[in-house]
Structure formats: C-alpha cells, structure tokens
Amino acid sequence: MPQAAANSSSSSDYEAIFALIDVYFQSIYTGDSAALRSAFHPHCRLFADVNGAPYEKSVDQYVEGVANRKSPLGLGEPFRMKVLGVETLGVIALVRTRQQMLGFDYHDYLTLLNRDGRWQIVSKTFVHLAPAPAA
C-alpha cells in the first residue's frame, strides 16, 4: 500500500491524484498518447538519468516518444507499475512511482499542481535503476 502523508488535503484530492496516476500508468502501458498528454501540464519538463546519460525533454517530446515506440502491452509485458508514496500540501503534491517495463526499472518523482480543481503533472524527474551485480 502506498504511503500517504497526512495534511490538509481531502480524501477527494487523494482520489483525484490516484485517478490521474492511473491515467498516466495506463497511457504509458498502452501507448495512448492523447490520454498521456492529458495527465501533464502543457509546460511540464522531464529530467532524468537513464543508464548514465542525462535526459531532458518537453512534455511534447516525451509524448511523441511514447507514441512512436512499442507499448509494453503490445509487447505482451505484464503491467508492473505502482505508486510508492504520495505527499500533499495544499494545491501541490509529490507522487513517487515505479514502472518496470521495456527492460527498465524506472523510479519517478512527479510534482502535481491542482489548478481550477484539476490535478496535473507539472514536472517529472526519474531514474532507471539497473539491478545490482551479483556478489
């Protein structure tokens, strides 16, 4: 069960955040670029370190990449994505997730903002953690 930090946010905020993350996960898994785009603020930036290489993209570049690759579903991979934790403070939230797919083990830190009653991802930082070598 994901860890949720208690504060002034309501249960409806948590429901909306988990619904947004479900759209994010399902879109990545199925390759649904339109649904994926809806989860992000249009000015979102993505930063990462993947296999030691720096990564920086706009949300448009990221969504285009997802649209132009084979989806985990299309490749017959099992759905292996989960929320690791959620913290909220007023109109902001930090969601930690893990996605094991396409030969990667991604760990995300997603910053969300609630504007006009709608939660959106406004920044994404992530890393691929390779398995530790056997001793």
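Being a predicted model, the structure only gives us computed values, none of them experimental.

(A) The overall build of the protein, seen in detail. Summing up its helical and strand segments, the protein has three helices and seven strands in all. In the protein, the succession of helices and strands from N to C terminus is β-α-α-β-β-α-β-β-β-β. Radius of gyration (C-alpha) of the protein: 15 Å, near the 14 Å computed for a compact globule of 135 residues. For the C-alpha atoms alone, the extent of the protein along its principal axes is close to 45 × 40 × 30 Å.

(B) Representation of the pattern of salt bridges within the structure. In the structure shown here, the tally under the stated rule is four salt bridges. Among the salt bridges present, the one from Arg-45 reaches Glu-56, with a minimum N-O distance of 2.8 Å. Pair noted here: Arg-45 is in strand β2 (residues 40-50) and Glu-56 is in strand β3 (residues 53-58), with a separation of eleven residues, a long-range link.

(C) Quick look at the side chain of His-128. Tracing the chain through its elements places His-128 in strand β7 (residues 118-128). In this structure His-128 comes out as buried when scored by relative accessible area, which is 12%. Of note is the side chain of His-128, whose polar atom sits 3.5 Å from the side chain of Asn-51. Only 3.0 Å separates the side chain of His-128 from the backbone nitrogen of Asp-105, close enough to count as a polar contact.

(D) Representation of a nonpolar patch on the surface. A cluster of nonpolar side chains, Leu-89, Val-91 and Ile-92, forms an exposed patch at the surface whose accessible area comes to about 280 Å². Using a relative accessible area of 46% as the deciding quantity, one classes Val-91 as partly exposed.

(E) Geometry of the packing of aromatic side chains. Applying the stated criterion across every chain yields a total of eight aromatic pairs. Summarising the aromatic geometry, the rings of Phe-40 and Tyr-62 are spaced 5.8 Å apart at their centres and angled 65° between planes, so their arrangement reads as edge-to-face. Within this pair, whereas Phe-40 is found in strand β2, its partner Tyr-62 is found in helix α3 (residues 59-67), the two being separated by 22 residues in sequence. Given a relative accessible area of 2%, Phe-40 falls into the buried group. On the basis of relative accessibility, which here comes to 8%, the residue Tyr-62 falls in the buried class. Ring centres 5.0 Å apart and planes at 75° place the aromatic pair Tyr-55 and Phe-126 in the edge-to-face group. Taken together, the positions of Tyr-55 in strand β3 and Phe-126 in strand β7 put the pair 71 residues apart, joining distant regions of the chain.

(F) Looking closely at the pairing of β7. In the sheet, β2 pairs with β7 via six bridges, with the strands oriented parallel. By the bridge assignment, Leu-46 is partnered in β7 with Lys-124. Pairing of strand β6 (residues 104-115) with β7, which is carried by ten bridges, proceeds in the antiparallel orientation. Opposite Tyr-109, over in β7, you have Thr-125 as the bridge partner. In this antiparallel pair of consecutive strands, β6 and β7, the connection spans two residues, and Asp-116 shows a positive phi of 55°.

About the thresholds
Residues numbered from 1 in each chain as written. Predicted model: local features only at pLDDT ≥ 70, side-chain atom pairs only at ≥ 80, totals over all residues. Heavy atoms only, no water. Helix = DSSP H or I, 4+ residues; strand = E, 2+ residues; numbered from the N terminus. Rg over C-alpha atoms; globule rule 2.2 N^0.38 Å. Salt bridge = Lys/Arg side-chain N within 4 Å of Asp/Glu carboxyl O. Buried < 20%, exposed > 50% of the residue type's maximum accessible area, 1.4 Å probe, protein only. Polar contact = N/O pair within 3.5 Å; in protein donor to acceptor, adjacent residues only side chain to side chain. Patch = residues over 30% accessible without salt bridge, like charges linked within 9 Å, V, L, I, M, F, W, Y side chains within 5 Å. Areas by Shrake-Rupley, 256 points an atom, 1.4 Å probe, with all protein chains shown as cover. Phe/Tyr/Trp six-rings, centres within 6.5 Å; stacked < 30°, edge-to-face > 60°. Pairing = 2+ DSSP bridges.

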